[in-house]
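Structural overview
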Amino acid sequence: MAYIGKVPANAPLTSSDIADGIISTADLANTAVTGAKVNTDVISAQTALATAPADTDEFLVSDAGVIKRIDYSLIKGGGQWEFISELTGSSSISALDFTTLSTDYKDFCFSMQNLHPESDNVRVYMRVFTGSGGSQAIDSGGNYGYAGIVRFDSTTTANGDGQNQIYITDVVGNADTENAAGEVFLYNPHETTFHKLIKSHSVTMRNDDDVGIGNYAGKYVSTTAVTGVRFYFSAGEISGKIAMYGRKRS
């Protein structure tokens, strides 16, 4: 349409001349949005992820100045121990049972902290569960063996086959400050070709407040898959904490 009268003077386009939502992605040049145009709360304003990222969760990285995406599985590290669960004992608990050993993990580590017995000078023992669901049961028969070396005032050794349990620590006193700590490693409990092997490293306090170190090797004499483990003192209740960690399959 032609103007009638004088042509209006040119005027610069302002934001008030553009309706909201009228500019589409296609209207923007590939290099139009720079770092200076990105608000500093672009991350903190988003919904927080409350759990560890899944392997397929993605991150943005700068690869020599070029933005690329990368899966969490490529940066989380391999062969590392991952926390799974933790059990806490008390004066009314006689055993700490981990009844689920996920097949997502090949090996397991149990970290013992401040294990304190009700009875005096008792050891921490271990047994295993087999089966699953309603058929899962503890094996209390003579299917265990162990060998150990302990150092208190002197060095002593011990070993046994056809046992009803595996030795995990030497004796622990039950005075208020006496306790045991250490780690127990259970190797590849899911496989069904070999007997299962266990290793433990522990530090204990006897009832004379003396401190000692113990190293034990154990075996479960069966090719049956192990689906859980039980920790308990040779007598009385068990207090303290045991945390379970898993090492992913390679």
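The subject of this paragraph is the overall build of the protein chain. The number of helices and strands found in the protein chain is zero helices and 15 strands. With respect to the principal axes defined by its C-alpha atoms, the protein chain has extents near 110 × 45 × 40 Å. When each of the 250 residues of the protein chain is scored for burial, the buried share is 30%. Pairs at least 24 apart in sequence give 71% of the contacts found in the protein chain among residues at least 6 apart. Accessible surface computed for the protein chain: about 15,300 Å², of which carbon and sulfur atoms make up 51%.

What follows is about the side chain of Ser200. Among the secondary structure elements, Ser200 is positioned in strand E12 (residues 196-205). Side-chain polar atoms of Ser200 contact the backbone oxygen of Ile168, separated by 3.0 Å. Contact partners of Ser200, with chain neighbours within four places excluded, come to Tyr167, Ile168, Glu183, Val184, Gly214, Asn215 and Tyr216.

Counted according to the given criterion, the structure contains 10 salt bridges. Here Asp208 makes a salt bridge to Arg206, at a shortest N to O gap of 3.2 Å. For Arg206, a relative accessible area of 18% translates into the label buried. The shortest N-O distance in the salt bridge between Arg206 and Asp210 comes to 3.1 Å.

Taken as a whole and assessed by the stated rule, the structure comprises 13 aromatic pairs. Aromatic ring contacts, followed pair by pair, group Tyr125, Tyr146, Tyr167, Tyr216 and Tyr232 into a single cluster. Arg206 extends its terminal NZ or CZ atom over the ring of Phe152, reaching a point 4.2 Å from the ring centre.

Parameters and conventions
Residues numbered from 1 in each chain as written. Predicted model: local features only at pLDDT ≥ 70, side-chain atom pairs only at ≥ 80, totals over all residues. Heavy atoms only, no water. Helix = DSSP H or I, 4+ residues; strand = E, 2+ residues; numbered from the N terminus. Buried < 20%, exposed > 50% of the residue type's maximum accessible area, 1.4 Å probe, protein only. Contact = heavy atoms within 4.5 Å. Areas by Shrake-Rupley, 256 points an atom, 1.4 Å probe, with all protein chains shown as cover. Polar contact = N/O pair within 3.5 Å; in protein donor to acceptor, adjacent residues only side chain to side chain. Salt bridge = Lys/Arg side-chain N within 4 Å of Asp/Glu carboxyl O. Phe/Tyr/Trp six-rings, centres within 6.5 Å; stacked < 30°, edge-to-face > 60°. Lys NZ or Arg CZ within 6 Å of the ring centre and 35° of its normal.

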